[in-house]
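# Close look at the chain arrangement
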Amino acid sequence: MNKSLRPKHAAEYLGIGRATLWRWSKERADFPQPIRLSSRCTVFDQAQLAAWRDAQAGSAK
């Protein structure tokens, strides 16, 4: 089972601020999209974030 991260922890996981996390989710087509569990609960899939981060590191080389 994949681990879900709340936005605060997702941002910490990537080493960015929460505002940047939300901006990237809106502006970057390749960024993992948030998952709405309810009207007041949104999470990000940790495995998708890790895959995206690793792809960014690979493309920077």
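This write-up is about the structure you can find in this document.

## Some words on the packing of helix 1 (residues 7-14) against helix 3 (residues 46-59)
Contact pair helix 1 / helix 3: the axes reach a minimum separation of 11 Å and the direction vectors enclose 25°. Regarding the angle of helix 1 to helix 3, the classification is roughly parallel. Classified by chirality, the crossing of helix 3 by helix 1 is right-handed. Between helix 1, through A10, Y13 and L14, and helix 3, the contact on the second element is made entirely by Q46, L49, A50 and R53. Within the contact of helix 1 with helix 3, the residues separate by chemical class into five nonpolar, one polar and one charged.

## What about the pattern of salt bridges?
Summed over all chains, the structure comprises one salt bridge. As a salt-bridge pair, R53 and D54 come within 3.4 Å of each other at their nearest N and O atoms. On the accessibility criterion, R53 (33% relative accessible area) is partly exposed. Taking relative accessible area as the criterion, D54 reaches 45% and is therefore assigned partly exposed.

Quick notes on the rules
Residues numbered from 1 in each chain as written. Predicted model: local features only at pLDDT ≥ 70, side-chain atom pairs only at ≥ 80, totals over all residues. Heavy atoms only, no water. Axes fitted to C-alpha atoms, helices over the stretch in contact; angles between N-to-C directions. Helix = DSSP H or I, 4+ residues; strand = E, 2+ residues; numbered from the N terminus. Parallel < 35°, antiparallel > 145°, perpendicular 65-115°, else oblique. Left-handed = near helix turned anticlockwise from the far one by under 90°. Contact = heavy atoms within 4.5 Å. Nonpolar A, V, L, I, M, F, W, Y, C, P; charged D, E, K, R; others polar. Salt bridge = Lys/Arg side-chain N within 4 Å of Asp/Glu carboxyl O. Buried < 20%, exposed > 50% of the residue type's maximum accessible area, 1.4 Å probe, protein only.

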